[in-house]
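# Coordinates in review
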Amino acid sequence: MKQDKTKLGRREFLRVMGASAGLAVAAAAPLATEAAAATESDAEKKKARYNPNAEDVKNYYRVNRF
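Throughout, residues of each chain are indexed from 1 in the direction in which the sequence is written. The predicted origin of the model limits local features to residues at a pLDDT of at least 70 and limits the giving and counting of side-chain atom pairs to 80 or more, whereas totals for whole chains, interfaces and linings rest on all residues. Hydrogens and waters are ignored; side-chain quantities use all the structure's heavy atoms.

## Describing the overall build of the protein
Stated precisely, the cut-off is as follows: Strands here mean DSSP runs of E at least two residues long; helices mean DSSP runs of H or I at least four residues long; both are numbered from the N terminus. A 1.4 Å probe rolled over the protein chains alone gives each residue an accessible area, and that area as a share of the maximum for its type sets the label: buried under 20%, exposed over 50%, partly exposed in between. Note on areas: Shrake-Rupley, 1.4 Å probe, and residue coverage restricted to the protein chains presented here.
Across its full length, the protein holds 3 helices and 0 strands. When the helices and strands of the protein are placed in sequence order, the string is α-α-α. Across the 66 residues in the protein, those meeting the buried criterion constitute 3%. Summing over all exposed atoms, the protein offers an accessible surface of approximately 6300 Å²; the carbon and sulfur share of this is 61%.

## Considerations on the pattern of salt bridges
Opposite charge on two side chains allows them to pair when their charged atoms are near. We count it as follows: By definition, a salt bridge exists where a carboxyl oxygen of Asp or Glu is found within 4 Å of a side-chain nitrogen of Lys or Arg.
Evaluation of the coordinates by the stated rule reveals 3 salt bridges. For Glu-55, the salt bridge goes to Lys-58, with nearest N and O atoms at 3.9 Å. Here the residue Glu-55 and the residue Lys-58 both occupy positions in helix α3 (residues 55-64), the gap between them amounting to 3 residues, near one helical turn. Residue classification places Glu-55 among the exposed positions, given a relative accessible area of 59%.

## Quick word on the confidence of the model for the protein
Cut-off, in case you're wondering: pLDDT is defined as a per-residue confidence score from the predictor, taking values between 0 and 100.
For the protein, the mean per-residue pLDDT works out to 78, and 71% of the residues sit at or above 70. Confidence, expressed as mean pLDDT per element, reaches its minimum in the protein at helix α1 (residues 2-39) with 72 and its maximum at α3 with 92.

The structure is reproduced here in structure tokens:
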């Protein structure tokens with residue numbers, strides 16, 4: 001019986017650790033997005049980001065044969 005209590009304690013410990021890690025990530029996520037958003041101007045936010053003639057895009061399609 002004592003062994004069952006220790007297993008239950010481990011499970012509870014891992015459950016609490018997993019939940020607290022999830023809460024920490026959820027709490028930190030808005031801070032990171034606000035900092036990145038504050039550094040971009042309106043012109044940078046609206047500019048086109050995909051360039052089909054870029055070397056990395058050409059290389060991707062050449063290697064993968066799409």
